[in-house]
Amino acid sequence: MANGQWFPPDWPDRVRALADGTLTPVPPRRAATVMLLRDTEAGPAVHMLRRRASMAFAAGAYAYPGGGVDPRDDDRTIRWAGPTRAWWADRLGVDETTAQAIVCAAVRETYEEAGVLLAGPGPDSVVGDTTGEDWEADRAALVARELSFAEFLDRRGLTLRSDLLGAWTRWITPEFEPRRYDTWFFVAALPEGQRTRNASTEADRTVWIRPQDAAAGYDRGELVMMPPTIATLRQLIPYTSPAQALAAAPDRDLTPVLARARLEDGEVVLSWPGHAEFTKHVPADVQEGPLA
């Protein structure tokens, strides 16, 4: 491959099936992922994890902490600080219950996969070190879904800090994928006193890397990524600090990015609106073959 772009090997056949009407899309599941940023002497760096080589999907690809919404993430007992649920509903383009679930999922998944918690004892505070054995026990219980995030926050007397998140973009898994997600991407700054660790069972390593360095590694074919990941990395490059990226977030367009497959001159053309670098061409009359 000329760059680090990753596509599943069965995509060509599935793209053709979608284009000719023989594949019915499955509904996407709501999800959230967080681009966690910190200042360095060389500029802002983003926290990324590499998916294990044993993973069935996107093995070896670099991504951000994130995952699907837990049905209990919309629990109204969650202690909440920052913009209201109504504000988030307007920003995310969903109802208030769904807005809370998405924001909660972003905070919860960041804690589950990176050990970083965007919550504090009050509306203006954030917890410090979260690496003790008792914290790890709670984190493991969250991962196992033995504990809801609302129960976790209540047990520790913590308030979710929604003001520490900035909604950045939204991508929906292509309609021909068997597992689909409607994913909201957020930006956040690493809280003072906290540190990341590889807490994800799906990752074999984590890195702090400048967005421009990660993008260059992708362009050289050294770092494997899916389209949303490299697209968001390129979007982060102009910002000189996490604070600057967070300040820009409220003005970001959250129109969903969804791949389209169309028949054109004997080919199926796969494209992502606004992201020409990912366009792929699949021969329409060949049953098997790579994406070109």
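Draft legend 1. Region of the structure containing the pattern of salt bridges. Inspection of the entire model under this criterion finds 19 salt bridges. We note a salt bridge from D73 to R108, for which the minimum N-O separation is 2.8 Å. Taken together, the residues D73 in the loop between β4 (66–68) and β5 (80–81) and R108 in helix α3 (residues 96–114) connect sequence positions 35 residues apart. Residue classification places R108 among the buried positions, given a relative accessible area of 1%. With a shortest N-O distance of 2.8 Å, R139 and E136 are connected by a salt bridge. In this pair, R139 and E136 both sit in helix α4 (residues 133–143), 3 residues apart, roughly one turn of the helix.

Draft legend 2. Representation of the nonpolar core. Formed by 41 residues in total, the largest nonpolar core has its most connected members in L92, L117, L165 and F186. For this core, the secondary structure elements donating two or more residues are β1 (29–38), α2 (85–92), α3, α4, α5 (149–156) and β9 (181–189). At 9 residues, the largest contribution of residues to this core is made by α3. Leaving out residues up to four positions away in the same chain, L165 has contacts with V34, W88, V103, A106, V107, L118, F186, V187, A188 and L246. Core analysis: the second largest hydrophobic core is formed by 35 residues, M48, A214, Y218 and V268 among them.

Draft legend 3. The pairing of β1, seen in detail. Within β1, 7 of the 10 residues are buried, which leaves it mostly tucked inside the rest of the structure. Sheet analysis places β1 next to β9, joined by 9 bridges and oriented parallel. Across the sheet, A32 pairs through a bridge with W184, a residue of β9. Sheet topology note: the β1/β4 ladder contains 3 bridges and is antiparallel. If you follow A32 over to β4, its bridge partner there is G67. Where β1 hands over to strand β2 (residues 45–51), the hairpin turn is made up of 6 residues, of which G43 adopts a positive phi near 115°.

Draft legend 4. A look at the packing of aromatic side chains. Counted under the stated rule, the structure contains 10 aromatic pairs. Ring centres of W171 and F278 lie 6.5 Å apart, and the angle between their planes is 70°; on these two criteria the pair is classed as edge-to-face. With W171 in strand β8 (residues 166–172) and F278 in strand β15 (residues 275–283), the pair connects residues that are 107 residues apart, well separated along the chain. A relative accessible area of 0% places F278 in the buried class. With 6.0 Å between their ring centres and 75° between their planes, W272 and F278 make a pair best called edge-to-face. Comparing W272 with F278, the two get one shared label, buried.

Draft legend 5. The arrangement of the sheet that holds strand β6 (residues 119–120) in detail. Strands sit in the order β5-β7-β6 across an open sheet of 3 strands; the sheet is mixed. At either margin of the open sheet sits one strand with a lone partner, and together these are β5 and β6. As judged from the 2 bridges shared by β5 and strand β7 (residues 159–161), these two strands associate in the parallel manner. When the bridges of β7 are listed, W80 appears paired with L160.

Analysis parameters
Residues numbered from 1 in each chain as written. Predicted model: local features only at pLDDT ≥ 70, side-chain atom pairs only at ≥ 80, totals over all residues. Heavy atoms only, no water. Salt bridge = Lys/Arg side-chain N within 4 Å of Asp/Glu carboxyl O. Helix = DSSP H or I, 4+ residues; strand = E, 2+ residues; numbered from the N terminus. Buried < 20%, exposed > 50% of the residue type's maximum accessible area, 1.4 Å probe, protein only. Core = buried A, V, L, I, M, F, W, Y, C linked by side-chain atoms within 4.5 Å. Contact = heavy atoms within 4.5 Å. Pairing = 2+ DSSP bridges. Phe/Tyr/Trp six-rings, centres within 6.5 Å; stacked < 30°, edge-to-face > 60°.

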